[in-house]
Amino acid sequence: MMKSDAQLRSDVEEELVWDPSVGRGEIGVACKNGVVTLSGQVDSVAQKFAAMRAAERVGGVHAVADELTVHVPFSFKRSDTDIAHAVADALRWDIEVPDDKITARVDDGWVWLDGEVEWDFQRAAAERAVRYLTGVKWVSNNIKISKRPWVPEVRSRIENALKRTAEADAAHIHVDATDGTVRLTGRVRSWAARADAERAAWSAPGVTSVRDELTISA
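Residues numbered from 1 in each chain as written. Predicted model: local features only at pLDDT ≥ 70, side-chain atom pairs only at ≥ 80, totals over all residues. Heavy atoms only, no water.

**Some words on the sheet that holds strand S2 (residues 35-42)**
Reading across the sheet, the 3 strands line up as S1-S2-S3 and stay open at both edges, with mixed pairing between neighbours. Each of the sheet's edge strands pairs with one partner strand only, and the pair in question is strand S1 (26-32) and strand S3 (63-70). In this sheet, neighbouring strand axes are inclined to one another by 10 degrees on average, regardless of whether the strands run parallel or antiparallel. The pairing of S1 with S2 spans 7 bridges and is antiparallel. If you follow Val29 over to S2, its bridge partner there is Leu38. (Pairing = 2+ DSSP bridges. Helix = DSSP H or I, 4+ residues; strand = E, 2+ residues; numbered from the N terminus. Axes fitted to C-alpha atoms, helices over the stretch in contact; angles between N-to-C directions.)

Here's what the structure looks like:
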């Protein structure tokens, strides 16, 4: 049975309070037809992501709109120079990050990452390494995936990977793959299954772009 907007809002609010990593930010929740909008102010990027993940976990949520802003408390503020040094160290110390291929710049606590890497997991690792540093307000990840030889059977490889990791949902996922771009359509039962499908697509050789158009349904 589909939840009413009022029930869904109540469930999301309770999940936000239940998750200690969300903290005590001033978060407003609005719901309409399964779409949840989070608004208000939090103290860190970590809290922002925790709130988003908490909302996604609630049954009946089909999409989450993020309108949260990060306002770093005075005690956590750092100069851009301090943040830049911390970013450089974090990238250098993360074993999954090819730091010699990535450049970073900081402006008023906002971090921009640029460069080109071979795999999406390296791009994600770079963002993860700096996202939760003290004083960081947000991270713009502009790192590109380098072009590699396109493997003709990449579609079948992705479909096989989906059967291994998301067997219950694999039959409802459609894969289109052309010249480095993979498009996922269909429906899955949870945000976790959607993430598994996207991860499987990114793991295929030659993939430089993934268009995740999957929907969440019961």
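**What to know about the nonpolar core**
Counting residues in hydrophobic clusters, the biggest one holds 61 residues, and the most contacted among them are Val12, Leu38, Leu91, Val111, Leu113, Val130 and Leu184. No other element matches the 7 residues that helix H2 (residues 45-57) contributes to this core. For Val12, the residues in contact, after removing those within four places along its chain, are Val29, Val36, Leu38, Ala55, Val58 and Val61. (Core = buried A, V, L, I, M, F, W, Y, C linked by side-chain atoms within 4.5 Å. Buried < 20%, exposed > 50% of the residue type's maximum accessible area, 1.4 Å probe, protein only. Contact = heavy atoms within 4.5 Å.)

**Brief notes about the pairing of strand S6 (residues 138-141)**
Across 4 bridges, the pairing between strand S5 (residues 110-117) and S6 is parallel. Residue pairing across strands places Trp110 opposite Trp138, the latter belonging to S6. Of the crossover connections in this fold, the one passing from S5 over helix H4 (residues 120-131) to the parallel S6 is right-handed. (Right-handed = clockwise from strand over helix to strand, strands pointing away.)

**Things to note about the packing of helix H3 (residues 80-93) against H4**
Running from N to C, H3 and H4 cross one another at 135 degrees; their axes reach a closest spacing of 9 Å. With respect to H4, the axis of H3 lies oblique. H3 and H4 meet at a crossing whose hand is right-handed. Of the residues in H4, those touching H3 at Val87, Ala90 and Leu91 are Ala126, Ala129 and Val130. Taken together, the residues of the contact of H3 with H4 sort by class into 6 nonpolar, no polar and no charged. (Parallel < 35°, antiparallel > 145°, perpendicular 65-115°, else oblique. Left-handed = near helix turned anticlockwise from the far one by under 90°. Nonpolar A, V, L, I, M, F, W, Y, C, P; charged D, E, K, R; others polar.)

**Observations regarding the pattern of salt bridges**
In a structure, side chains of opposite charge can pair up when their charged atoms sit close to one another. Per the counting criterion, the structure on display carries 20 salt bridges. For Lys137, the salt bridge identified is with Asp108, shortest N-O distance 3.4 Å. On the criterion of sequence distance, the pair formed by Lys137 in the loop between H4 and S6 and Asp108 in the loop between strand S4 (102-107) and S5 is long-range, its members being 29 residues apart. The residue Arg211 makes a salt bridge to Glu213 at a minimum N-O spacing of 3.0 Å. Residue Arg211 is classed as partly exposed on the basis of its relative accessible area of 43%. According to the relative accessible area criterion, Glu213 is partly exposed, its value standing at 32%. Via salt bridges that share partners, Asp176, Arg183, Arg211 and Glu213 belong to a single interconnected network. (Salt bridge = Lys/Arg side-chain N within 4 Å of Asp/Glu carboxyl O.)

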